[in-house]
Amino acid sequence: MLTRYPLVTIVIAQLFGTSLWFSVNGVGLALQDAVGLSGRDLGLLTIAVQAGFISGTLFIATTGLADRVRASHLFALSAVLGALINAAFITVADNVTLAAVARFATGLCLAGIYPLGMKLVVSWTPSHAGAALGWLVGMLTLGIASPHLLRGLTLSLPWQWPLLLASLLALVAALMIDRLGVGPHLPAKASGGRPWAGLAAFKHKDFRAAALGYFGHCWELYALWALVPFLVTRELTRLGASSSAQPWLSFLIIAIGLPGCVLAGRWSRRVGSAHVAFVALATSGTLCLIYPLIGAAPPLLLIALLLVWGLSVIADSAQFSALASATAPAERLGAALAMMNAIGFGLTIPSIALVTSLWGSQGLGVIWWLLPGPVLGLIAMRGLNRRPAGA
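Please read all numbers here as calculations on a predicted model, not as lab measurements.

Q: Lay out the overall build of the protein chain in plain terms, naming residues and giving numbers.
A: Looking only at helices and strands, the protein chain has 19 helices and zero strands in total. The 391 residues of the protein chain split such that 60% are buried. When the accessible surface of the protein chain is split by element, carbon and sulfur atoms take 69% of a total near 14,500 Å².

Put into C-alpha cells, the structure is as follows:
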C-alpha cells in the first residue's frame, strides 16, 4: 500500500510547481494581441523554458547537487525563485529578448522541481515506483495544462492574472515540500561525487534501454503540447465555434494525460512498466502517423483523436522513470534522473522549433516531424518489453 500522505503532498506540490512551465503559453493568444508577439516568438519562449530546464538539470547532475543537497530544500528554493521570475516576466513581456531570458531562468528553476519531485517520490514509495510516479507525472501534465485552465477562468481579466496565479501556486508548493521533508528510503544527502556521475548509469543496459525509450517519448511530447492550441483553433474554426473555447479545450486535451498516467501506473503493477510504456508509445506513434492523413475528417472526430493522443502521449513517461529508477545506482539516483531529463528535454528543443516554425507553411504535415521519436524509442526498448512483468 502506498504511503498516502507524503505521496499526496508531493503530487499536489508537483501540480502547483509545474504550473510555471507553460504559464506563458496559456496566455499566448492574448500576448499576440497585447504586445504583438508572433507565433514564432511564442515558440522561442517555449524553447527558452526547455533550454533553461536542460541547463539546470545538467548543472545539478554534474555538480552532484541533486544528491548532496536535501531534496525537499532544493525543491522549495527552486519553486520560490521560479514563482518570482515568472511574475517578473510580466514586466518584460513586450521585449522578446528579455522575455526569453526570463523564461530561460524559469526553466532553470523547474530543474529543481521535476527531477527532485521524482526523487522525493522514490524516497517515500520505492516498492511502488511505477504507480507513484504515474501520479507524479500525471500532476506534471495537469500542471502544464493548468495555464490554459487559469486563462479560461480569467478571460474577462488582463492576461497578467494567470501568470500571477501560477506564481502563487508555486509558492504554496514550496511550503508544502519544505514541511514534508525527505522519505526514509533514500539518504537525505549523499557525500560528494564525481562530475558527470549521472552518466555512469548509462553503463547499465536496462537503464540505457529505458533512457533511450524516454528520449523518443520526449521528442514527441512537448512538441505536441506546444501544437495543441494550434490544432484546437483549427478545428474550432472549421466548426464555426467561438475562440473562447480554445483554452478550455486545450486544457482538457493536455490534462487528460493525468488519468492516462494514473491508469498506466495501476496497469504497470500487473504487467510491468516496460510493457505499459511500449503500448503507450506505440499508440501515440500511430496517431502521429495517421492524424495528418485524415485532416479532412469531421472536426469532432479529430478533437476526439486529440483526446486519445493526450491520454497516451504522457502515459509512458512515469514508466520510463520507474524503469530508470530501478536500474540506476541508488546513491546517484538524483544525478542519473537529472541527466536523463537533461538529455531528453534537450531533444524537445529541435522538435518544438520544427513544429512551431513550420506550422504556418505545412499545417498538419508538421506532425510527421514527431514520428521519429516514437519509432526509435520503440526500437530501443524492445528488449525490455520482452521481459516478464515482474522483471
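Having seen the structure, we can now continue with the description.
Q: Hey, could you go over the pattern of salt bridges for me, with residue numbers and the actual values?
A: Inspection of every chain in the model, using the stated rule, returns two salt bridges. The salt bridge involving Glu 235 is made with Arg 234; its shortest N-O contact spans 2.5 Å. Overall, the relative accessible area of 25% leaves Arg 234 in the partly exposed class. Taking relative accessible area as the criterion, Glu 235 reaches 0% and is therefore assigned buried. A network of salt bridges, in which partner residues are shared, links Arg 234, Glu 235 and Arg 238.

Q: I'd love a proper account of the packing of aromatic side chains, names of residues and values included.
A: Applying the stated rule across the entire model yields twelve aromatic pairs. Arranged with centres 5.0 Å apart and planes meeting at 75°, the rings of Tyr 222 and Trp 225 form a pair that is edge-to-face. Within this pair, Tyr 222 and its partner Trp 225 are both found in helix 10 (residues 205-239), separated by three residues, close to a single helical turn. Among the residues examined, Tyr 222 registers a relative accessible area of 1% and is labelled buried. Linked through ring pairs, Trp 21, Phe 53, Tyr 114, Tyr 222, Trp 225 and Phe 345 together constitute an aromatic cluster.

Q: Which residues make up helix 6 (residues 96-110), and what values go with them?
A: Look at helix 6: 21 Å from first C-alpha to last across 15 residues, which is about the 21 Å you get at 1.5 Å a residue. Along helix 6, the positions that sit buried rather than exposed are Ala 99, Ala 100, Ala 102, Arg 103, Ala 105, Thr 106, Gly 107, Cys 109 and Leu 110. For helix 6, the capping residue at the N-terminal end is Asn 95, with a side-chain oxygen 3.1 Å from the backbone nitrogen of Thr 97.

Q: Outline the nonpolar core, listing residues and values.
A: Proteins that are soluble and globular tend to have nonpolar side chains buried together. Membership of the largest hydrophobic core comes to 110 residues, with the highest contact counts inside it found for Trp 21 and Tyr 222. No other element matches helix 10, which puts 18 residues into this core. Ignoring anything within four residues of it in the chain, the contact list for Tyr 222 reads Trp 21, Phe 22, Gln 50, Leu 140, Ile 144, Phe 345, Thr 348 and Ile 352. Grouped together as the second largest cluster of nonpolar side chains are 16 residues, Val 27, Val 92, Trp 159 and Leu 163 included.

Q: Mind laying out helix 5 (residues 71-92), listing which residues take part and the relevant values?
A: A rise of 1.5 Å per residue sets the reference length of helix 5, with its 22 residues, at 32 Å; its end C-alpha atoms lie 32 Å apart and thus fit the reference within 8%. All buried positions along helix 5 are accounted for by Ala 71, Ser 72, Leu 74, Phe 75, Ala 76, Ser 78, Ala 79, Gly 82, Ala 83, Asn 86, Phe 89 and Val 92.

Q: How would you summarise the side chain of Asp 41 if you had to cite specific residues and measurements?
A: For Asp 41, the location among the structural elements is in helix 3 (residues 39-62). A relative accessible area of 18% means that Asp 41 is categorised as buried. Excluding residues that lie within four positions of it along the chain, Asp 41 makes contacts with Gly 36 and Val 96.

Q: Tell me about the packing of helix 10 against helix 11 (residues 246-255), residues and numbers included.
A: Between helix 10 and helix 11, whose axes approach to 9 Å, the crossing angle comes to 130°. Taken together, the axes of helix 10 and helix 11 are oblique relative to one another. Helix 11 is crossed by helix 10, and the crossing has right-handed handedness. In this structure, helix 10 contributes Trp 225, Val 228, Pro 229, Val 232, Thr 233 and Leu 236 to the contact, and helix 11 contributes Gln 246, Leu 249, Ser 250, Ile 253 and Ile 254. Residue composition of the contact of helix 10 with helix 11, grouped by class: eight nonpolar, three polar and no charged.

Q: Before we move on, could you go through the environment of Thr 57 and cite the residues and values that matter?
A: Within the fold, Thr 57 resides in helix 3. With relative accessibility at 0%, the residue Thr 57 sits in the buried group. Spatially, the C-alpha atoms of Thr 57 and Ala 335 are 8.5 Å apart, while their sequence positions differ by 278 residues. Of the polar contacts made by the side chain of Thr 57, one reaches the backbone oxygen of Ile 54; its length is 2.9 Å.

Q: Break down a nonpolar patch on the surface for me, with residues and values.
A: A cluster of nonpolar side chains, Leu 77, Val 80, Leu 81, Leu 84, Leu 168, Leu 171 and Val 172, forms an exposed patch at the surface whose accessible area comes to about 570 Å². Listing elements by their share of the nonpolar patch, those giving two or more residues are helix 5 and helix 9 (160-180). Of all the elements, helix 5 adds the most residues to the nonpolar patch, at four residues. Here Val 172 is to be found in helix 9.

Basis of the calculations
Residues numbered from 1 in each chain as written. Predicted model: local features only at pLDDT ≥ 70, side-chain atom pairs only at ≥ 80, totals over all residues. Heavy atoms only, no water. Helix = DSSP H or I, 4+ residues; strand = E, 2+ residues; numbered from the N terminus. Buried < 20%, exposed > 50% of the residue type's maximum accessible area, 1.4 Å probe, protein only. Areas by Shrake-Rupley, 256 points an atom, 1.4 Å probe, with all protein chains shown as cover. Salt bridge = Lys/Arg side-chain N within 4 Å of Asp/Glu carboxyl O. Phe/Tyr/Trp six-rings, centres within 6.5 Å; stacked < 30°, edge-to-face > 60°. Expected span 1.5 Å × (residues − 1). Polar contact = N/O pair within 3.5 Å; in protein donor to acceptor, adjacent residues only side chain to side chain. Core = buried A, V, L, I, M, F, W, Y, C linked by side-chain atoms within 4.5 Å. Contact = heavy atoms within 4.5 Å. Axes fitted to C-alpha atoms, helices over the stretch in contact; angles between N-to-C directions. Parallel < 35°, antiparallel > 145°, perpendicular 65-115°, else oblique. Left-handed = near helix turned anticlockwise from the far one by under 90°. Nonpolar A, V, L, I, M, F, W, Y, C, P; charged D, E, K, R; others polar. Patch = residues over 30% accessible without salt bridge, like charges linked within 9 Å, V, L, I, M, F, W, Y side chains within 5 Å.

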